[in-house]
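# Reading the structure
For reference, the chains in residue letters:
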Amino acid sequence: MAGRLVHRITREDIGGRVSIRIHLPEGGFTDIVGVLESWDEGVLAVRRRDGREARVTESSIVASRVVPDVPPRRGGAPPRPL
């Protein structure tokens with residue numbers, strides 16, 4: 001059973017964390033996850049976790065959705081010496 005690809009984000013989602021699947025010009029697909037910073041004239045700007053900005057043309061999007069924020073890292077106790 002195959003899943004459906006659905007484009008669910010809108011301009012209302014600016015400022016939220018999104019996952020976008022795009023069709024690459026050379027063929028194939030890739031996913032971009034980050035904060036949707038802007039959506040102007042058919043181009044979306046997504047800020048990735050490492051700080052880089054990805055610019056995505058609206059026409060290349062095959063699927064998208066809002067995703068939850070990254071959970072904070074759990075601060076565990078340091079490992080004990082042997």
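Quick note: structure is the one above.
### Regarding the pairing of strand S2 (residues 29-40)
In terms of strand pairing, strand S1 (residues 17-23) meets S2 through seven bridges, oriented antiparallel. Note that in S2 the partner of Arg17 across the bridge is Val35. Hairpin remark: S1 followed by S2, antiparallel, with five residues in the connecting loop; positive phi at Gly27, about 105 degrees. Of the strand pairs in this sheet, S2 and strand S3 (residues 43-47) are connected by five bridges, and their pairing is antiparallel. Bridge pairing in S3 links Ser38 to Ala45. Between the end of S2 and the start of S3, which pair antiparallel, lie two residues, with Glu41 showing a positive phi angle near 50 degrees.

Calculation criteria
- Sequence order as written defines residue numbering, which begins from 1 separately in each chain.
- Local features are withheld for residues below a pLDDT of 70 in this predicted model, meaning they are given only at 70 or higher, and side-chain atom pairs are given and counted only at 80 or more; totals for whole chains, interfaces and linings count all residues.
- Side-chain numbers come from the whole structure's heavy atoms, not from hydrogens or water.
- Note: two strands are recorded as paired if DSSP finds a minimum of 2 bridges between them.
- In DSSP terms, a helix is any run of H or I states spanning at least four residues, a strand is any run of E spanning at least two, and both are numbered starting from the N terminus.

Geometric values such as these leave the question of function open.
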